[in-house]
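Structure assessment
Listed below are the residues making up each chain.
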Amino acid sequence: MSDLYHECGVAAVYHLPHEETSPLISSENRDKTSRLIPRLLLDIQNRGQLAAGITSYHPNHNQLIDTHKDVGTVTEVFHLNHQKEFNALMDEYCGQAAIGHVRYATCGKDDRSYAQPFERHHIHKNKWFSFAFNGQLANYQELRDEILSQKDFHLARETDTEILMHMLSQQISGDLRPSKLEIMQNISAKFDGAYNIVYLDANGDMFISRDPLGIRPLCYAVEGSLFASASESVALANIGFKEENIKSLEPGEMIIIENGKLSIERFAPEQKRAHCFFEWIYFANVASTLDEKSVYLTRKRLGEELAKIETAPIDENTIVVPVPDTAKAAADSMAYQLGVPCLEGLIRNRYVGRTFIEGGNRSDKARTKYTPLPEVLEGKRVLLVEDTIVRSTTMKALISQIKERGRAKEIHVRVACPPIVAPCFYGIDMSTIKELFAPNFMSDSNLTSEIESKMAEALNADSLRYLPIDSITRSIDIQSDSLCQACINSSYPTEAGVKMYQIALNNHDSDCGQGRTYDVNAPVSPRT
């Protein structure tokens, strides 16, 4: 599903000097620990392709902590295709500890100043720090207004990250010397939304924290002297950590490394969780396990759910075709249950990447990224499986291509997700109701076959089927009240999310000519 993007991924590594040697990195190579960051970031590149960066710590360098970041993919920013340049870069930013970040955002996307980590220089080592952030603060505007109400303060960017920079700096201003635990306790009391933070200072101290609701995933592992953390488990598994040593950080908890010693602390009281269900059905790497639940098995079960509600005729001319790549597991499973072939009728061009030829038109991007195969599609009844439909631009372009270039007889769209009916204010780039496809047809949350028929007609498909909402909890195997499903049921897990949704509703009603009043100064667009 190519027209939906996530807001960033984070990573961290640390060589613990007081522990036994790790099988993954020797004590003699402790200063090369930072080299693991590009490898970790490559495996969470799915979470952001616009910028990447690293901050490393080395106690014998003039720059105790030093940051390299730029616009581009991980391969571009770290020169992974040029060994000499990569080695020179890693020698310059060598260290026993490091944090990293990959970024996607809808503002300032080609501006290096928005790339993370954000580093704050200071003559005092405890005040010289760098951090990276994954998520979105739903009460961003309230926090921004509070800061700017003080006449001597100024914010240069429209970004949550700068708000976080200010609040971290404020915690250690003057003679204040709070512990890392106290810092997170104090700032989390003001935050509403999703926020995973990796933090490193010039003393070589580090912390990694996950917001109290656990909206975004965060994993960690320790083997001997090597500690590592990343947004997804697959990154840790691929650098060699054993499966049994990879764990999800509990919501409201933080890992603190001070004086080379690691501890896990709770900075916020336990409360009802709100894991983003989209992580399992779309965002995360299919090889990841998040909060002890397999992404692959979730998508496999979604395909089984689709098979249960299938109504199209099944014969020798019927095939299942996934939209590459995230819908493949669901499509394979659905086809197996129905006893029909699952074929690659759409081939994705994996070498398009970040390029000017894409332009800003989503349908043009779809035509660039996907090629239909007439030798697979011609004359077939195609059950086209997609993980979700947000704006519908990509789906319309795909259906057009499959009919015109693929010469398919019929196209029946099957969506491994309920309709997206509400915006996200926690880190996904769908922030207004107007841009969404489903609300144009649904006056309430009830989906009927008549509504699906109208949607199919708008897409130029022969039919359309969505999964019901209760299929999500069955597939992920997590109770509904522990998931954030706001974009499919309009029930937001935080106070600011509820407020932002009401603003979005009022804005939408006004745009549609229903005459409600609303606050024109209240933003509903994501920022990172």
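Residues numbered from 1 in each chain as written. Predicted model: local features only at pLDDT ≥ 70, side-chain atom pairs only at ≥ 80, totals over all residues. Heavy atoms only, no water.

What about the packing of aromatic side chains?
This is how the line gets drawn: Two aromatic rings from Phe, Tyr or Trp, using only the six-membered ring of Trp, form a pair when their centres are within 6.5 Å; if the ring planes differ by under 30 degrees the pair is stacked, by over 60 it is edge-to-face, and anything between is tilted. What counts as a helix is a DSSP run of H or I of at least four residues, what counts as a strand is a run of E of at least two, and both are numbered from the N terminus. Using a 1.4 Å probe on the protein chains alone, a residue whose accessible area is under 20% of its type maximum counts as buried, one over 50% counts as exposed, and one in between counts as partly exposed.
With the rule as written, the count across this model stands at 13 aromatic pairs. Residues Phe 129 and Tyr 199 carry aromatic rings whose centres are separated by 5.2 Å and whose planes lie at 20 degrees to one another, so their mutual orientation is stacked. Of this pair, Phe 129 sits in strand β6 (residues 129-137) while Tyr 199 sits in strand β7 (residues 193-201), placing them 70 residues apart in sequence. Taking relative accessible area as the criterion, Phe 129 reaches 0% and is therefore assigned buried. When its relative accessible area of 2% is taken as the criterion, Tyr 199 is described as buried. With a centroid separation of 5.8 Å and 45 degrees between ring planes, the pair formed by Phe 278 and Phe 283 is classed as tilted. Phe 283 carries the same exposure label as Phe 278, and that label is buried. Ring pairing ties together the aromatic residues Phe 118, Phe 129, Phe 131, Tyr 199 and Phe 207, which thus form one cluster.

Concerning the pattern of salt bridges
Put simply, the rule reads: For this analysis, a salt bridge means a side-chain nitrogen from Lys or Arg found within 4 Å of a carboxyl oxygen belonging to Asp or Glu.
Throughout the structure, instances matching the rule amount to 26 salt bridges. One salt bridge in this structure joins Arg 474 and Glu 305, with 2.9 Å as the shortest N-O distance. Placement of Arg 474 in helix α15 (residues 470-476) and of Glu 305 in helix α9 (residues 295-308) is noted, with a sequence separation of 169 residues between them. Judged by its relative accessible area of 8%, Glu 305 is buried. With its nearest N and O atoms 3.7 Å apart, the salt bridge here joins Arg 391 to Asp 429. Of the two residues, Arg 391 sits in the loop between β20 (381-386) and α13 (393-404) while Asp 429 sits in the loop between β21 (410-415) and α14 (449-459), which places them 38 residues apart along the sequence. Accessibility expressed as a relative area gives 12% for Arg 391, which makes it buried. Connected through salt bridges with shared partners, the residues Arg 47, Arg 216, Glu 232 and Glu 279 form a single ionic network.

Things to note about the packing of helix α5 (residues 160-171) against helix α6 (residues 180-188)
The following threshold applies: What counts as an axis is a line fitted to C-alpha atoms, over the stretch in contact for a helix, and the angles between N-to-C directions run from 0 to 180 degrees. Just so you know how the angles are binned, under 35 degrees is roughly parallel, over 145 roughly antiparallel, 65 to 115 roughly perpendicular, and the rest oblique. Left-handed describes a crossing whose near helix is turned anticlockwise from the far helix through less than a right angle; right-handed describes the clockwise counterpart. Residue contacts are defined here by distance: any two heavy atoms, one from each residue, within 4.5 Å place the two residues in contact. Think of it as three bins: nonpolar holds Ala, Val, Leu, Ile, Met, Phe, Trp, Tyr, Cys and Pro, charged holds Asp, Glu, Lys and Arg, and polar takes everything else, Gly as well.
Close contact between α5 and α6 brings their axes to 10 Å; oriented N to C, the two are set at 130 degrees. Regarding the angle of α5 to α6, the classification is oblique. The handedness of the crossing between α5 and α6 comes out as right-handed. Contacts from Leu 164, Met 167, Leu 168 and Gln 171 of α5 reach α6 at Glu 182, Ile 183, Asn 186 and Ile 187. Taken together, the residues of the contact of α5 with α6 break down into 5 nonpolar, 2 polar and 1 charged.

A few points about the environment of Ser 188
Stated formally: Contacts described as polar in this section are N or O atom pairs within 3.5 Å, which, within protein, must combine one atom able to donate a hydrogen with one able to accept it, while residues neighboring in sequence count only if both atoms come from side chains.
Topologically, Ser 188 is positioned in helix α6. Taking the relative accessible area as the measure of exposure, Ser 188 reaches 11% and is therefore buried. Sequence-wise, Ser 188 and Asn 317 are 129 residues apart; in three dimensions their C-alpha atoms are separated by 56 Å. Polar side-chain contacts of Ser 188 include one of 2.7 Å to the backbone oxygen of Met 184. Of note is the side chain of Ser 188, whose polar atom sits 3.3 Å from the backbone oxygen of Gln 185.

Quick notes on a nonpolar patch on the surface
For clarity, the cut-off: Nonpolar side chains (Val, Leu, Ile, Met, Phe, Trp, Tyr) within 5 Å and like charges within 9 Å form the patches, drawn only from residues with over 30% relative accessible area and no salt bridge. All accessibility values rest on the Shrake-Rupley procedure with a 1.4 Å probe; residue burial counts only the protein chains present in the view.
Residues Val 222, Leu 262 and Ile 264 make up a contiguous nonpolar surface patch of roughly 190 Å² in combined accessible area. Summarising the element assignment, Ile 264 is placed in strand β13 (residues 261-266). Among the residues examined, Ile 264 registers a relative accessible area of 36% and is labelled partly exposed.

So, the pairing of β20
Heads up, the rule is: Pairing between two strands requires that DSSP report at least two bridges joining them.
The buried fraction of β20 amounts to 6 of the 6 residues, a majority that puts the element mostly inside the structure. With burial as the criterion, each face of β20 is covered, one bearing Arg 381, Leu 383 and Val 385 and the other bearing Val 382, Leu 384 and Glu 386. Summarising the sheet, strand β17 (residues 318-322) and β20 pair through 5 bridges and their orientation is parallel. Within β20, the residue paired with Val 321 across the bridge is Leu 384.

Quick notes on the side chain of Asn 196
Within the secondary structure, Asn 196 sits in strand β7. At 3.0 Å, the side chain of Asn 196 forms a polar contact with the backbone oxygen of Pro 217. When near neighbours in sequence (up to four residues on either side) are disregarded, Asn 196 contacts Ala 132, Phe 133, Asn 134, Ser 209, Arg 210, Asp 211, Arg 216, Pro 217 and Leu 218.

Looking at the sheet that holds β13
Strand order across the open sheet formed by 6 strands is β5-β6-β7-β8-β12-β13, with antiparallel pairing between neighbours. Looking at the sheet topology across the chains shown, the edges are occupied by β5 (118-120) and β13. The sheet shows a mean angle of 20 degrees between the axes of neighbouring strands, taken without regard to direction. Pairing of β6 with β7 involves 9 bridges; the strand directions are antiparallel. Each bridged residue has a counterpart across the sheet, and for Ser 130 the counterpart in β7 is Leu 200. On the sheet, α5 packs against β5, β6 and β7 and is oriented at approximately 130 degrees with respect to β6.

Some details on the nonpolar core
The condition that has to hold: Nonpolar core, defined: a set of buried Ala, Val, Leu, Ile, Met, Phe, Trp, Tyr and Cys residues in which side-chain atoms within 4.5 Å join the residues together.
With 83 residues, the main nonpolar core has Phe 277, Phe 278 and Leu 384 as its most contacted residues. Top element by residues in this core is helix α8 (residues 278-283). It accounts for 5 residues. Aside from chain neighbours lying at most four places away, what touches Phe 277 is Cys 417, Ile 472, Ile 476, Leu 483, Cys 484, Gln 485, Cys 487 and Ile 488. Among the nonpolar cores identified, the runner-up in size contains 29 residues, and Phe 86, Leu 226, Leu 236 and Ile 246 belong to it.

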